[in-house]
Amino acid sequence: MNIDQIRNSYLGTPMGDNKSRTDTKADESGRSFGEYLSDLSTEKNVRFSKHASQRLDSRQIELSEEQRNRLNEATGKARDKGLKESLVMVDNLAFIVNIKNNTVVTAVNDTEKSVFTNIDGAIIG
């Protein structure tokens with residue numbers, strides 16, 4: 001018995017009749033309900049805290065679009081692994097990311113003699 005059969009037996013909707021409300025019907029923007037929920041539960045782009053933004057400015061760090069994409073992908077990997085505070089390395093740049101809040105809390109561009117504390121994992125790439 002598949003999930004549709006189970007759902008239909010409880011909702012009283014025979015198979016093949018009306019579609020359930022959870023089907024992947026797209027809205028006006030073309031996104032399915034599942035995609036919409038996914039966007040709500042997991043933001044695709046990390047935010048930068050005030051402190052991290054100040055660090056980027058003071059250290060004259062400018063991220064390319066490709067680097068931002070890699071930072072976002074690495075943050076997603078950290079989330080998938082269950083990390084909470086992660087060091088994310090992108091090229092020669094280091095970011096401490098609060099995974100739960102999807103927020104970069106600090107940024108470093110001189111990582112040669114750096115010490116990173118209060119992290120539970122690192123994503124390098």
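The structure this text deals with has already been given above.
All figures in this text were calculated on a predicted structure; none of them were measured in a lab.

Peer 1: How should I be thinking about the environment of Phe48 in this particular structure?
Peer 2: Structurally, Phe48 can be placed in strand β1 (residues 47-48). The class of Phe48 is partly exposed, set by a relative accessible area of 21%. Excluding residues that lie within four positions of it along the chain, Phe48 makes contacts with Ser53, Leu56, Leu63, Arg68, Leu71, Phe95, Thr103 and Val104.

Peer 1: Help me understand the pattern of salt bridges, please; the structure alone is not making it clear to me.
Peer 2: Two side chains with opposite charge may pair up if their charged atoms get near one another. All chains considered together, the criterion is met by two salt bridges. Across the pair Arg70 and Glu66 runs a salt bridge, and its minimum N-O distance is 3.1 Å. With Arg70 and Glu66 both in helix α4 (residues 65-80), this residue pair falls four residues apart, about one helical turn. Here Asp91 makes a salt bridge to Arg70, at a shortest N to O gap of 2.9 Å. Of this pair, Asp91 sits in the loop between β2 (85-90) and β3 (93-98) while Arg70 is found in helix α4, placing the two residues 21 residues apart along the sequence. Note on Asp91: relative accessible area 45%, which makes it partly exposed. The network of salt bridges with common partners includes Glu66, Arg70 and Asp91.

Criteria and thresholds
Residues numbered from 1 in each chain as written. Predicted model: local features only at pLDDT ≥ 70, side-chain atom pairs only at ≥ 80, totals over all residues. Heavy atoms only, no water. Helix = DSSP H or I, 4+ residues; strand = E, 2+ residues; numbered from the N terminus. Buried < 20%, exposed > 50% of the residue type's maximum accessible area, 1.4 Å probe, protein only. Contact = heavy atoms within 4.5 Å. Salt bridge = Lys/Arg side-chain N within 4 Å of Asp/Glu carboxyl O.

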